[in-house]
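Okay, here's what each chain looks like letter by letter:
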Amino acid sequence: MAEQPANGQTPQQPAVQARIVAQYIKDMSFENPSVERMLQGPGENPNLKLEINVNARRVSDGLYESAIDFKADASNAGGTIYICEIVYGAMFKIENLPQQALEPFLLINCPSFIFPFLRRLVADTTREGGFPPLNLDPIDFAALYVHRQQQAKAAAKTPVPANDTTTS
């Protein structure tokens, strides 16, 4: 049985502490394969395909990396206009966080802290690439996390087809 303090209150858990130790561009690529087409005029409106993934890993005791993997692919009937790929990450020192709260914290809260920096980097990169800046809307990392969890559960429930061993 847990000991109770003399004043009758329950003992307090140590406060959760989380701080950003470092932020950085982990990987970055901007491709402008058709610059000569850009010089001919704006052309038709591009189709923009965005992909965003979040990853996290333990680096050492209490030190974790959370990274946003971003890709934008702009194209039109003439082909690819540009491709912008950036992995933006940060190291977080996290103390006294319950184990069951660690994964959601790393995949929801941590990306939320660093997203404004990725957003600015994407806008600056596309503008410096000769295009209007790509201004990203805010991202609901909690919804992204829940969607990812639902996909994992659905994949786990999908039966693996048995090998057909019949012969003719």
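Structural notes, computed from the coordinates.

Describing unusual backbone geometry
No. 1: In this structure, Asn 96 takes a positive phi of about 65° despite not being glycine.
No. 2: Counting through the fold element by element, Asn 96 comes out in the loop between strand E4 (79–95) and helix H2 (99–128).

Quick look at the environment of Asp 124
No. 1: By the secondary structure assignment, Asp 124 is in helix H2.
No. 2: Residue Asp 124 is classed as partly exposed on the basis of its relative accessible area, which comes to 22%.
No. 3: Considering only alpha carbons, one finds Asp 124 and Leu 134, 10 residues apart in sequence, at a separation of 8.1 Å.
No. 4: There is a polar contact of 3.1 Å between the side chain of Asp 124 and the side chain of Arg 127.

Things to note about the environment of Ala 77
No. 1: On the secondary structure map, Ala 77 appears in the loop between strand E3 (63–76) and E4.
No. 2: On the basis of relative accessible area, Ala 77 is assigned to the exposed category, the value being 73%.
No. 3: Separated by 32 residues in the primary sequence, Ala 77 and Asn 45 place their C-alpha atoms 9.5 Å from one another.

Overview of the side chain of Thr 125
No. 1: Within the secondary structure, Thr 125 is located in helix H2.
No. 2: Since its relative accessible area comes to 11%, Thr 125 is described here as buried.
No. 3: What Thr 125 contacts, discounting residues up to four positions off in sequence, is Met 28, Phe 30, Cys 84 and Ile 86.

Regarding the pairing of E4
No. 1: Burial of E4 is extensive: 12 of the 17 residues sit out of reach of the surface.
No. 2: Judged from the 13 bridges that link them, strand E1 (residues 17–31) and E4 form a sheet pairing that is antiparallel. Each bridged residue has a counterpart across the sheet, and for Tyr 24 the counterpart in E4 is Gly 89.
No. 3: Relative to E4, E3 runs antiparallel, the two being bridged by 14 bridges. What sits directly across from Asn 76, in E4, is Gly 79.
No. 4: Counting the residues between successive antiparallel strands, the hairpin from E3 to E4 contains 2 residues.

A closer look at the nonpolar core
Within soluble globular proteins, side chains that are nonpolar tend to cluster in buried spots.
No. 1: With 30 residues, the main nonpolar core has Phe 70, Tyr 82, Ile 86, Ile 94, Leu 118, Val 122 and Leu 134 as its most contacted residues.
No. 2: Of all the secondary structure elements, the ones that give two or more residues to this core are E3, E4, H2 and helix H3 (141–157).
No. 3: Once residues within four sequence positions are removed from consideration, Val 122 is found in contact with Phe 70, Ile 86, Leu 134 and Leu 136.

So, the pattern of salt bridges
No. 1: On inspection of all chains with the given rule, the structure shows 8 salt bridges.
No. 2: Across the pair Asp 61 and Arg 58 runs a salt bridge whose closest N-O atoms are separated by 3.7 Å. The burial state of Asp 61 is the same as that of Arg 58; both residues are exposed.
No. 3: Ionic pairing is found between Glu 85 and Lys 71, a salt bridge with its closest N-O pair at 3.8 Å. In this pair, Glu 85 is assigned in strand E4 and Lys 71 in strand E3, connecting sequence segments 14 residues apart.
No. 4: Of the residues examined, Glu 85 reaches a relative accessible area of 30% and is grouped as partly exposed.
No. 5: A single network of salt bridges, built from pairs that share partners, joins Arg 120, Asp 124, Arg 127 and Glu 128.

About the cut-offs
Residues numbered from 1 in each chain as written. Predicted model: local features only at pLDDT ≥ 70, side-chain atom pairs only at ≥ 80, totals over all residues. Heavy atoms only, no water. Helix = DSSP H or I, 4+ residues; strand = E, 2+ residues; numbered from the N terminus. Buried < 20%, exposed > 50% of the residue type's maximum accessible area, 1.4 Å probe, protein only. Polar contact = N/O pair within 3.5 Å; in protein donor to acceptor, adjacent residues only side chain to side chain. Contact = heavy atoms within 4.5 Å. Pairing = 2+ DSSP bridges. Core = buried A, V, L, I, M, F, W, Y, C linked by side-chain atoms within 4.5 Å. Salt bridge = Lys/Arg side-chain N within 4 Å of Asp/Glu carboxyl O.

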